[in-house]
Every structure is written in C-alpha cells, then in structure tokens.
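What follows is the residue order along each chain.
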Amino acid sequence: MLPSATDSHAVVAWMKVLDRIERTLLGSLAYDPEAVIPAFPAVAEAGVPLQKLDERLTRLQTCLDRAETNATEIDVYLQGEVEQMQQHLDQLRAGEQRLADWASGAV
C-alpha cells in the first residue's frame, strides 16, 4: 500500500507548516530569557518517515500472513480430529445399539 502523490504532497505541506510553527515559537521564545527552548529534531526528507512506515506495515503484513498460515494448518489438523471423533462416536452408537438389541433379546 504505497501512498499516493496527493498523500506525499500533504505530508510535505504539513512538514512545512510544522517548520513554520517551530520558527515562530523559537522567535517568540527568544524574547523570554527564562524560557526553555525545546530542541526539535531536524526534519528529514519527506519520504523517509513514509518509507519507515511502509517497512513496518510490510513486517506487520508478514506476521499476519504467517498467523493466517498457522491458523489454516491448525484448522486442517482440527478438522481431521473432528472426523476421527465422529467415527469413534458412530462406532460407540453402533455398539450401544447392538448392546440394546442384545439386552432386549432381539439378536
């Protein structure tokens, strides 16, 4: 899921707005000698944060795919167990019927 050109432009526009806010705040804080001026990290290129986000999303998708594969394997195993259990129940019912028939003298 790659960002569209519109998304990239929006990110760049917001980065410019934030840079402008930062400059304004620094200018305002310069008038107050007791103010603590926060150290803002340098803004990297617009693509770098998006690239990191894409990498994280790719890793997340890989984990989700692996979980889905594991769930499918477990489902197949459990379906086999259900079939075996059904066979055992059918055998028990047949044995129960034979026993009931024997007890009633129908054999």
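This write-up is about the structure you can find in this document. (Residues numbered from 1 in each chain as written. Predicted model: local features only at pLDDT ≥ 70, side-chain atom pairs only at ≥ 80, totals over all residues. Heavy atoms only, no water.)

### Here's the deal with the overall build of the chain
- Of regular secondary structure, the chain possesses two helices and zero strands.
- Within the chain, the fraction of its 107 residues that count as buried is 3%.
- If you sum the accessible surface of the chain, you get close to 9,600 Å²; carbon and sulfur atoms cover 61% of it. (Helix = DSSP H or I, 4+ residues; strand = E, 2+ residues; numbered from the N terminus. Buried < 20%, exposed > 50% of the residue type's maximum accessible area, 1.4 Å probe, protein only. Areas by Shrake-Rupley, 256 points an atom, 1.4 Å probe, with all protein chains shown as cover.)

### Digging into a nonpolar patch on the surface
- A contiguous nonpolar patch, built from Trp14, Val17, Leu18, Ile21 and Leu25 and spanning about 500 Å² of accessible area, is present on the exposed surface.
- Looking at the secondary structure, you find Trp14 in helix H1 (residues 5-29). (Patch = residues over 30% accessible without salt bridge, like charges linked within 9 Å, V, L, I, M, F, W, Y side chains within 5 Å. Salt bridge = Lys/Arg side-chain N within 4 Å of Asp/Glu carboxyl O.)

### Some thoughts on the pattern of salt bridges
- The full count for this structure, using the stated rule, is one salt bridge.
- With its nearest N and O atoms 3.4 Å apart, the salt bridge here joins Asp90 to Arg93. Here Asp90 pairs with Arg93, and both are found in helix H2 (residues 47-103), just three residues apart, close to one helical turn.
- Classification of Arg93 by relative accessible area gives partly exposed; the value is 48%.

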